[in-house]
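Structure assessment
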Amino acid sequence: MPYEPPTHTVERSLRATTGAKVIAGVDEVGRGAWAGPVTVCAAVTGLRRPPEGLTDSKLLTVRRRAALDGILRSWVTAFALGHASPEEIDDLGMTAALRLAAVRALEALPVRPEAVILDGKHDYLGAPWQVRTVIKGDQSCVAVAAASVIAKVYRDKMMAELGSGHADFAFADNAGYPSPVHKAALEERGPTPYHRLSWAYLDALPRWRHLKKVRGLADGGVPVIEGQLGFDF
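Residues numbered from 1 in each chain as written. Predicted model: local features only at pLDDT ≥ 70, side-chain atom pairs only at ≥ 80, totals over all residues. Heavy atoms only, no water.

Secondary-structure assignment places Lys212 in the segment after α8 (180-189). Take Lys212: its relative accessible area is 25%, and that puts it in the partly exposed class. For the pair Lys212 and Thr7, spaced 205 residues apart in the sequence, the C-alpha separation amounts to 44 Å. Excluding anything up to four places from it in sequence, Lys212 contacts Leu197, Ser198, Trp199, Ala200, Leu202 and Asp203. (Helix = DSSP H or I, 4+ residues; strand = E, 2+ residues; numbered from the N terminus. Buried < 20%, exposed > 50% of the residue type's maximum accessible area, 1.4 Å probe, protein only. Contact = heavy atoms within 4.5 Å.)

Have a look at this one:
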């Protein structure tokens, strides 16, 4: 399917309005998974022409993503990855876990960015970072698209490695996201050490429901974990 290539329009706008010279594109992967960490990549690209075919990682085939990842790692000015573990997601909630992973990625860059282009409409990063949110930034912004590809390829490989001792879950195929194979394995074997235990899928598993972690709010309520799928996906 044809798509418009990403541009440096947002980065040029930030440079003009804020004076920022080092601008990082930030994207996440793993938000809606049942297992594994949430992973964030921060990428700095400057204003150079991007590699041909660069776009949101979700629009690319596995083979094309892998090829682009190899190109991007040497093409970008800098990149870094940050993760929040399943335990941190359960303890903090997804929004705070995303911020934790993003800060880890940004602080791992060799130079601190003066501004950040964040994919999506919600600023989960906040102060002291100067943030510009862009809906579908992983399609329209070069740095965010680069971050999306690097994050996706890295996390997919990580999940394949984590799943090597849990073959029934097929993490190499589903990367910890909901799938019929994943669902069947959960029903039969219960969650692995890599599963998020605050997720709604456990509500549909009577044998394993006792493992669920519930993170309460100050008012006694239970927070909604955004972006997750229940067991009847």
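The full count for this structure, using the stated rule, is two aromatic pairs. Ring centres of Trp34 and Tyr201 lie 5.2 Å apart, and the angle between their planes is 40°; on these two criteria the pair is classed as tilted. Placement of Trp34 in the loop between β1 (23-29) and β2 (38-44) and of Tyr201 in the segment after α8 is noted, with a sequence separation of 167 residues between them. The buried category is assigned to Trp34, whose relative accessible area is 0%. When the centroid spacing of 5.8 Å and the interplanar angle of 45° are considered together, the rings of Phe169 and Phe171 count as tilted. Residue classification places Phe171 among the buried positions, given a relative accessible area of 1%. Taking NZ or CZ as reference, Arg196 lies 5.1 Å from the ring centre of Trp199, over its face. (Phe/Tyr/Trp six-rings, centres within 6.5 Å; stacked < 30°, edge-to-face > 60°. Lys NZ or Arg CZ within 6 Å of the ring centre and 35° of its normal.)

Taken residue by residue, α8 has His182, Ala185 and Leu186 as its buried positions. What you see down the axis of α8 is that its buried residues fit within an arc of 100°, all on one side. Every exposed residue of α8 that faces more than 90 degrees away from the buried side is listed here: Pro180 and Glu188. Buried residues along α8 sit against α7 (171-174). (Arc of directions from axis to C-beta.)

With that out of the way, let us pick up the state of the cysteines. Taken as a whole and assessed by the stated rule, the structure comprises zero disulfides. As a non-bridged cysteine, Cys41 has Cys141 as the owner of its nearest cysteine sulfur, 14 Å distant. (Disulfide = S-S within 2.5 Å.)

Let's shift gears to the layout of surface pockets. Of the voids in this model, the largest pocket is the one considered here, and its volume is about 610 Å³. Lining of the largest pocket is provided by 23 residues; of these, Asp27, Glu28, Arg31, Lys58 and Asp119 occupy positions nearest its centre. With three residues, β1 is the single largest residue contributor to the lining of the largest pocket. Of the residues belonging to the lining of the largest pocket, the class tally is four nonpolar, seven polar and twelve charged. Estimates place the volume of the second largest pocket at around 200 Å³. (1 Å grid on protein atoms, 1.4 Å probe; cavity = no way out; pocket = protein on both sides within 12 Å on 5 of 7 lines; lining within 4 Å. Points joined across faces, edges and corners; volume = space filled by probe spheres on them. Nonpolar A, V, L, I, M, F, W, Y, C, P; charged D, E, K, R; others polar.)

Right, let's get into the pattern of salt bridges. Scanning the model with the defined rule gives ten salt bridges in all. Of the charged contacts, one joins Arg15 and Glu11 as a salt bridge, the two residues approaching to 3.5 Å between their closest N and O atoms. Residue Arg15 and its partner Glu11 are both found in helix α1 (residues 9-18); the two are separated by four residues, about one turn of the helix. Judged by its relative accessible area of 28%, Arg15 is partly exposed. Taking relative accessible area as the criterion, Glu11 reaches 3% and is therefore assigned buried. Within this structure, Asp56, Lys58 and Asp138 form a network of salt bridges that share partners. (Salt bridge = Lys/Arg side-chain N within 4 Å of Asp/Glu carboxyl O.)

A word on the sheet that holds strand β4 (residues 115-119). With respect to topology, five strands assemble into an open sheet ordered β3-β2-β1-β4-β5, the strand pairing being mixed. In the strand order of this sheet, the two ends are held by β3 (78-84) and β5 (131-134), each with one partner. Ignoring strand direction, the axes of neighbouring strands in this sheet form an average angle of 20°. Here seven bridges tie β2 to β3, and the two strands are oriented antiparallel to one another. Its bridge partner being in β3, Ala42 is matched across the sheet by Ala80. Against the sheet, α1 touches β1, β4 and β5, its axis set at about 150° to β5. Running over the sheet, helix α6 (residues 142-162) touches β1, β2, β3 and β4 and is turned about 40° from β1. (Pairing = 2+ DSSP bridges. Axes fitted to C-alpha atoms, helices over the stretch in contact; angles between N-to-C directions.)

Geometric descriptors of this kind do not, in isolation, establish any biological role.
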